[in-house]
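Read off the chains here:
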Amino acid sequence: DNIGPGEGCDMVFAPADGSVGISTDTTLMIQFCEIVVPGLPGAKVRLYELDPTSANTLFEDYTVTAAMIDGDVVTIPVEGLLDHRSYGVLVDVGAVLDEAGNSYAGIADPTFWNFTTGDLTPPLAEIVSPDSTDNLPYIFDVVVEFSEPVTNVDLSTITVVGGEATLAMNDDGV
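Residues numbered from 1 in each chain as written. Predicted model: local features only at pLDDT ≥ 70, side-chain atom pairs only at ≥ 80, totals over all residues. Heavy atoms only, no water.

(A) Just the state of the cysteines, in detail. Here the structure, examined in full by the defined rule, presents one disulfide. Covalent S-S linkage joins Cys9 and Cys33, the inter-sulfur distance amounting to 2.1 Å. Since a negative S-S torsion denotes a left-handed disulfide, the Cys9-Cys33 link at about 100 degrees is right-handed. Of this pair, Cys9 sits in the segment before strand 1 (12–14) while Cys33 sits in the loop between strand 3 (26–31) and strand 4 (36–38), and the two are 24 residues apart along the sequence. (Disulfide = S-S within 2.5 Å. Helix = DSSP H or I, 4+ residues; strand = E, 2+ residues; numbered from the N terminus.)

Following this line, the structure appears as structure tokens:
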């Protein structure tokens, strides 16, 4: 056998290429068409944050170990990806071998296997209370500043005791 794993067969990748809304803690999975083993020393699986305006940034690199392999499947747990970011997976030649010692040809193009994370982190809110040193309990503004744009604010979910709530939006409608 002189054919590397994945040559001449349909491999499966997860998250699927082009997927959107992927969790920031996910698992990279490659299913080959034959049993595989850890690859050559120094050969890595590399996860990059893709940036269309500048160079891609390495998020992490991984050496495939026996613990990551179950027969023909390689799984790599990934944690701490950022919301709303695109990521591409590159695989060095020889990062995975078949049982005969043939190298996987790898992935050199970051557009071959890429995905985008979702907006999975709720916005943080900072409440800026009125200055209480003037003892004027009349009309005052309470400003809530969010860590990201928010939409579809429902006043019925805001509780006000001893007064009324009105909603003011910024120029962006949020």
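(B) Summary view of the side chain of Asp98. Within the secondary structure, Asp98 is located in strand 10 (residues 96–98). One buried charge, Asp98, has no salt-bridge partner; the nearest side chain with opposite charge is Arg46, at 20 Å. Polar contacts involving the side chain of Asp98 include one to the main-chain amide nitrogen of Asn102, which spans 2.8 Å. Residues contacting Asp98, with those up to four places away along its chain left out, are Asp1, Ile3, Gly4, Pro5, Glu34, Ile35, Val36 and Val37. (Buried < 20%, exposed > 50% of the residue type's maximum accessible area, 1.4 Å probe, protein only. Lys, Arg positive; Asp, Glu negative; His and termini not counted. Salt bridge = Lys/Arg side-chain N within 4 Å of Asp/Glu carboxyl O. Polar contact = N/O pair within 3.5 Å; in protein donor to acceptor, adjacent residues only side chain to side chain. Contact = heavy atoms within 4.5 Å.)

(C) Just unusual backbone geometry, in detail. Here the bond from Ala14 into Pro15 is cis, since omega is -5 degrees, no more than 30 degrees from zero. Secondary-structure assignment places Pro15 in the loop between strand 1 and strand 2 (19–22). Of note in the backbone geometry, His84 takes a positive phi value of approximately 50 degrees without being a glycine. Note on placement: His84 falls in the loop between strand 8 (73–78) and strand 9 (86–91). Since its relative accessible area comes to 55%, His84 is described here as exposed.

(D) A look at the packing of aromatic side chains. Applying the stated criterion to the full structure yields five aromatic pairs. Look at Phe13 and Phe112: their rings are 5.6 Å apart centre to centre, the planes differ by 90 degrees, and that puts the pair in the edge-to-face class. Here the residue Phe13 occupies a position in strand 1, and Phe112 occupies one in the loop between strand 10 and strand 11 (114–117), the gap between them amounting to 99 residues. Given a relative accessible area of 44%, Phe112 falls into the partly exposed group. Chaining the aromatic ring pairs together yields one cluster made of Phe13, Phe112 and Trp113. (Phe/Tyr/Trp six-rings, centres within 6.5 Å; stacked < 30°, edge-to-face > 60°.)

(E) Examining the pairing of strand 9 more closely. In terms of burial, strand 9 is a largely internal element, five of the six residues being buried. Strand direction decides the pairing type here: strand 5 (residues 45–49) and strand 9, joined by five bridges, are antiparallel. Looking at the pairing, Arg46 lines up with Leu90 of strand 9. Here strand 9 runs beside strand 11; their pairing, made up of three bridges, is antiparallel. Residue Gly88 lies in a different strand from strand 11, and its bridge partner there is Asn114. (Pairing = 2+ DSSP bridges.)

(F) Geometry of a nonpolar patch on the surface. On the surface, Ile127, Val142, Val144 and Phe146 cluster together to form a nonpolar patch covering roughly 350 Å² of accessible area. Given a relative accessible area of 37%, Val144 falls into the partly exposed group. (Patch = residues over 30% accessible without salt bridge, like charges linked within 9 Å, V, L, I, M, F, W, Y side chains within 5 Å. Areas by Shrake-Rupley, 256 points an atom, 1.4 Å probe, with all protein chains shown as cover.)

(G) Broad picture of the pattern of salt bridges. Counted according to the given criterion, the structure contains three salt bridges. Between Asp61 and Arg46 there is a salt bridge, with the nearest N and O atoms lying 3.4 Å from each other. Of this pair, Asp61 sits in strand 6 (residues 57–62) while Arg46 sits in strand 5, and the two are 15 residues apart along the sequence. Through salt bridges with shared partners, a single network forms among Arg46, Asp61 and Asp92.

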